[in-house]
Amino acid sequence: MKAARIILPVIAALCLVAASAPGWRWALPEGVAPPAVPADNPMTQARVELGRRLFYYADLSADGTLSCANCHVQRHAFADSVATRGGVDGSSGRRNAPGLANVGWLTPLTFADPGATTLEVQAVTPVFGTHPVEMGMAGREGELVARLARDRCYRSQFARAFPASGGRIDFTGVARALAAFQRTLVSYGSAYDKGRMTAEQRAGQALFQRDCAACHSGPHFTDLAFHRIAAADPAASDQGLFEKSVREADRGRFRTPSLRNAALTAP
Ligand code: HEC
Ligand code: HEC
């Protein structure tokens with residue numbers, strides 16, 4: 001009996017190690033390679049679960065009223081049902097929230113920011129961005145960390161998600177968890193993916209191939225490049241890529257959006 005008592009904790013410790021070891025199961029269709037995952041943010045169940053909570057709860061917004069999921073609505077393929085949505089300060093939004101299906105495979109992210117190369121980097125913008133203000137936490141990172149650290153559930157979730165740092169709660173961890181969760185938003189179940197299209201759908205595909213696929217190319221229907229699809233207008237309130245690059249040639253250029261689940265992402 002005594003021996004068994006000593007052995008049992010050892011076995012339990014081994015099990016914990018095995019459970020958090022690399023080897024996330026992607027459950028992708030045959031032939032689909034997993035998205036690139038930064039070496040410092042390996043996928044684990046604990047990170048995905050923490051990321052899901054951070055995505056759906058409004059804890060990352062200044063007044064606790066706005067979550068990622070308010071603008072990225074699951075039943076709209078994680079897009080919004082309105083053209084633009086204002087931030088917590090009452091200001092108006094500027095752009096339409098894109099869907100997030102298969103977002104793990106997209107880089108750069110957003111309509112006009114070549115610097116948003118990973119989901120970890122992109123997560124900074126909705127929380128701390130000022131043009132537009134969305135979640136309104138600019139300059140309040142310390143307050144955000146303190147808020148999460150007060151919550152027992154977050155403390156234990158960070159501990160499970162980031163055991164190597166002793167469960168440190170900081171925005172790097174928030175961004176990593178959000179990224180891990182978003183990499184699980186996978187969509188490969190359409191009639192197109194299964195090669196089960198109707199005659200009408202195949203006719204549409206031929207037209208799409210002719211008129212649209214130059215930009216909406218590949219498995220996510222985007223070439224991930226910046227294009228101008230309307231005449232550049234220096235008076236327009238949104239100058240697209242120009243706002244980041246300040247190159248005249250970039251006025252009115254936007255990254256081709258994915259058309260995954262496009263039937264659900266209007267307007
Ligand atoms: C107020 C609405 C709003 C909130 C809140 C919001 N987003 Fe967004 N999201 C947008 C809009 C609008 C865009 C497009 C922005 C742009 O292109 O400049 C966007 C773009 C994105 C993209 C890029 C998708 C692509 O196809 O490139 C990701 C990823 C994303 N958001 C994740 C998040 C996460 C994670 C949160 C929470 C931390 C969040 N968003 C909160 C409105 C919102
Ligand atoms: C020259 C590149 C280019 C071509 C060709 C092109 N698009 Fe686009 N498409 C874009 C860009 C860039 C945007 C985003 C800019 C914007 O919305 O103003 C966009 C936006 C869209 C959207 C909105 C997606 C959303 O979720 O809001 C749809 C739908 C769409 N295109 C379908 C098509 C179809 C159908 C065709 C062919 C008839 C086509 N596009 C041809 C570049 C292109």
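All values reported here derive from a predicted model rather than from experimental measurement.

1. A few points about the site of ligand 2
And then number 1: As a matter of local geometry, ligand 2 sits amid Asp211, Cys212, Cys215, His216, His227, Ile229, Phe254, Thr256, Pro257, Leu259 and Thr265.
And then number 2: Taking His216, its side chain carries an N or O atom lying 2.8 Å from a nitrogen atom of ligand 2.
And then number 3: Between an oxygen atom of ligand 2 and a side-chain N or O atom of Thr265, the distance comes to 3.3 Å.
And then number 4: Class assignment of the residues belonging to the shell around ligand 2 gives a composition of six nonpolar, four polar and one charged.

2. Observations regarding the packing of helix α2 (residues 45–56) against helix α7 (residues 152–161)
And then number 1: It is at 8 Å that the axes of α2 and α7 come closest, and there the two elements cross at 145°. Regarding α2 and α7, the two cross each other, and that crossing is left-handed. Two secondary-structure elements touch here, α2 through Ala46, Arg47, Glu49, Leu50, Arg53 and Leu54 and α7 through Cys153, Tyr154, Gln157, Phe158, Arg160 and Ala161.

3. Thoughts on the confidence of the model for the protein
And then number 1: In the predicted model, the protein carries a mean pLDDT of 92, and 92% of its residues have values of at least 70.
And then number 2: Within the model, pLDDT remains below 50 along residues 1–21, and this stretch shows one contact once partners closer than five positions in the same chain are excluded.

4. Details of the pattern of salt bridges
And then number 1: Going through the model one piece at a time under the given rule, you end up with 16 salt bridges.
And then number 2: Salt-bridge contacts for Arg168 lead to Asp170; the nearest nitrogen and oxygen are separated by 3.2 Å.
And then number 3: Between Arg251 and Glu248 there is a salt bridge, with the nearest N and O atoms lying 2.9 Å from each other.
And then number 4: Residue Glu248 is classed as exposed on the basis of its relative accessible area, which comes to 53%.
And then number 5: Salt bridges here are not isolated pairs; linked through shared partners, they connect Arg94, Arg95, Asp238 and Glu243.

5. Brief notes about the coordination of the iron atom of ligand 1
And then number 1: Counting protein donors around the iron atom of ligand 1 gives one, His72 (NE2), at 2.1 Å.
And then number 2: Note on placement: His72 falls in the loop between α3 (68–71) and α4 (119–122).

The rules we used
Residues numbered from 1 in each chain as written. Chains lettered and ligands numbered in written order. Predicted model: local features only at pLDDT ≥ 70, side-chain atom pairs only at ≥ 80, totals over all residues. Heavy atoms only, no water. Near = heavy atom within 4 Å. Polar contact = N/O pair within 3.5 Å; in protein donor to acceptor, adjacent residues only side chain to side chain. Nonpolar A, V, L, I, M, F, W, Y, C, P; charged D, E, K, R; others polar. Axes fitted to C-alpha atoms, helices over the stretch in contact; angles between N-to-C directions. Helix = DSSP H or I, 4+ residues; strand = E, 2+ residues; numbered from the N terminus. Left-handed = near helix turned anticlockwise from the far one by under 90°. Contact = heavy atoms within 4.5 Å. pLDDT = per-residue confidence, 0-100. Salt bridge = Lys/Arg side-chain N within 4 Å of Asp/Glu carboxyl O. Buried < 20%, exposed > 50% of the residue type's maximum accessible area, 1.4 Å probe, protein only. Donors = N, O, S within 2.8 Å, 3.2 Å for Na, K, Ca; no water.

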